[in-house]
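# An overview of the molecular structure
Spelled out, the chains give:
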Amino acid sequence: MRTPLVAGNWKMNGSRESVKELINGVVEGAKSLNGVEVAVCPPFIYIADVTAVAGGTNVSVGSQDVCTELKGAFTGETSIDMIKDFGCQYAIVGHSERRTLYGETDDVVAEKFAVVKNSGIIPIFCIGETLEEREGGITEEVCARQIDAVFSSQGDDAFADSVIAYEPVWAIGTGKTASPEQAQSVHAFIRQHIAKRNAVIAEKVQILYGGSMNPANAKELIGQTDIDGGLIGGASLKTEDFLAVCQAGQ
Ligand code: PGA
């Protein structure tokens with residue numbers, strides 16, 4: 001059986017002070033959790049403050065992005081070795097905000113996935129369709145295309161030791177959640193798509209749902225057969241809400 005993972009994506013929110021308060025609250029509350037993995041992904045500049053508190057606890061830390069290059073003249077970028085140096089266990093790649101606001105293509109995301117995998121950090125690989133794509137009936141096609149970009153560069157075993165986050169773009173930060181049935185159907189599709197390459201990995205890979213998941217809807221979503229946790233934006237910024245979602249994953 002797959003252990004659920006609940007990961008908070010703090011995006012570009014918080015101050016040094018509020019971030020310390022949040023991580024202290026999460027670490028404290030997570031002590032009593034069982035049977036669920038917990039991670040938080042702070043803004044880069046706060047990662048050191050967060051790992052100082054979370055290090056050695058059952059709360060893992062991840063980055064929200066990574067550079068495709070390993071080092072050199074890439075002003076403003078952060079390499080995977082730097083992320084590793086600060087004790088991160090996860091790195092989000094291909095979040096829809098990176099894809100849509102910063103023009104990251106499927107190929108760029110696949111390159112990022114590769115640098116993360118090669119470093120031994122666990123990628124949280126985000127995929128999902130826009131509203132237009134859903135209404136056009138091409139949700140599965142879009143998810144398959146995003147996944148196939150990784151298969152073409154990484155081969156059939158690409159998703160070993162990886163996490164996938166299915167995040168319908170229309171559900172992110174909008175308060176509109178995919179219904180448990182809608183989400184389950186895409187999650188099942190994703191797992192079958194991976195199984196065509198490697199059935200063992202498909203059974204093992206954690207597929208998280210993301211998009212307005214909160215304490216009120218988390219239990220039903222995570223209760224679906226192929227939903228193995230959540231990638232939480234807005235609700236991860238409040239200690240109680242985030243911990244309530246983590247509890248729903250237990
Ligand atoms: P949300 O964000 O929970 O605020 O919708 C999820 C995400 O973007 O990862």
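Here goes a summary of the coordinates provided. (Residues numbered from 1 in each chain as written. Predicted model: local features only at pLDDT ≥ 70, side-chain atom pairs only at ≥ 80, totals over all residues. Heavy atoms only, no water.)

## Here we look at the pattern of salt bridges
Rule in force here: One side-chain nitrogen of Lys or Arg within 4 Å of one carboxyl oxygen of Asp or Glu is enough to make a salt bridge. The numbering of helices and of strands both runs from the N terminus, where a helix is a DSSP run of H or I of at least 4 residues and a strand a run of E of at least 2.
Evaluation of the coordinates by the stated rule reveals 16 salt bridges. Across the salt bridge formed by Arg16 and Asp49, the nearest N and O atoms sit 2.7 Å from each other. With Arg16 in helix H1 (residues 16-30) and Asp49 in helix H2 (residues 47-54), this residue pair connects regions lying 33 residues apart in the sequence. With a shortest N-O distance of 2.9 Å, Asp65 and Lys112 are connected by a salt bridge. Highlighted residues: Asp65 in the loop between strand S3 (59-63) and helix H3 (80-85) and Lys112 in helix H5 (residues 106-119), separated in sequence by 47 residues. Counted as one network, the salt bridges with shared partners bring together Arg2, Arg191, Glu203, Asp226 and Asp228.

## Thoughts on H1
Cut-off, in case you're wondering: Under the convention used throughout, the expected extent of a helix is 1.5 Å for every residue step, that is, one less than its residue count. Burial status follows relative accessibility: with a 1.4 Å probe on protein chains alone, a residue under 20% of its type maximum counts as buried, one over 50% as exposed, and anything between as partly exposed. It only takes one pair of heavy atoms within 4.5 Å for two residues to be counted as in contact.
Given a rise of 1.5 Å per residue, 15 residues ought to cover 21 Å, and the 21 Å separating the end C-alpha atoms of H1 matches this to within 8%. When we look at burial in H1, the residues that qualify are Val19, Leu22, Ile23, Gly25, Val26, Val27, Gly29 and Ala30. Tucked into the core, H1 has its buried residues touching strand S2 (37-41), H2, S3 and helix H11 (239-248).

## Points about the packing of aromatic side chains
In plain terms, the rule: Stacked, tilted and edge-to-face are the three classes assigned to paired rings of Phe, Tyr and Trp, where Trp is represented by its six-membered ring and a pair needs centres within 6.5 Å; plane angles under 30 degrees give stacked, over 60 edge-to-face, the rest tilted. For a Lys NZ or an Arg CZ to count as sitting over a ring, it must be within 6 Å of the ring centre and within 35 degrees of the ring normal.
Applying the stated criterion to the full structure yields five aromatic pairs. Pairing Phe125 with Phe159 gives two aromatic rings, centres 5.7 Å apart and planes at 45 degrees, and the pair type is tilted. You can see Phe125 sitting in strand S5 (residues 122-127) and its partner Phe159 sitting in the loop between helix H7 (139-154) and strand S6 (163-166), a full 34 residues away along the chain. For the pair Phe125 and Phe159, one class covers both residues: buried. Taken together through their ring pairs, the aromatic side chains of Phe113, Phe125, Phe151 and Phe159 make up a single cluster. Sitting above the plane of the Tyr102 ring, Arg98 keeps its charged end 4.2 Å from the centroid.

## Some thoughts on the site of the ligand
Quick reminder of the rule: Throughout, the term near means that a residue has one or more heavy atoms lying within 4 Å of the molecule or strand in question. Here a polar contact means two N or O atoms within 3.5 Å. Within protein one must be a hydrogen donor candidate and the other an acceptor candidate, and residues neighboring in sequence count only if both atoms are side-chain atoms. Every accessible area reported is derived by Shrake-Rupley at a probe size of 1.4 Å, with residue values counting cover from the shown protein chains alone.
Taken together, 13 residues surround the ligand, and among them Lys11, His95, Glu167, Gly173 and Ser212 come closest. Here an oxygen atom of the ligand and a side-chain polar atom of Glu167 are 2.7 Å apart. Separating an oxygen atom of the ligand from a backbone N or O atom of Gly234 is a distance of 2.8 Å. For the ligand, whose accessible area on its own is 280 Å², the fraction buried by protein is 96%.

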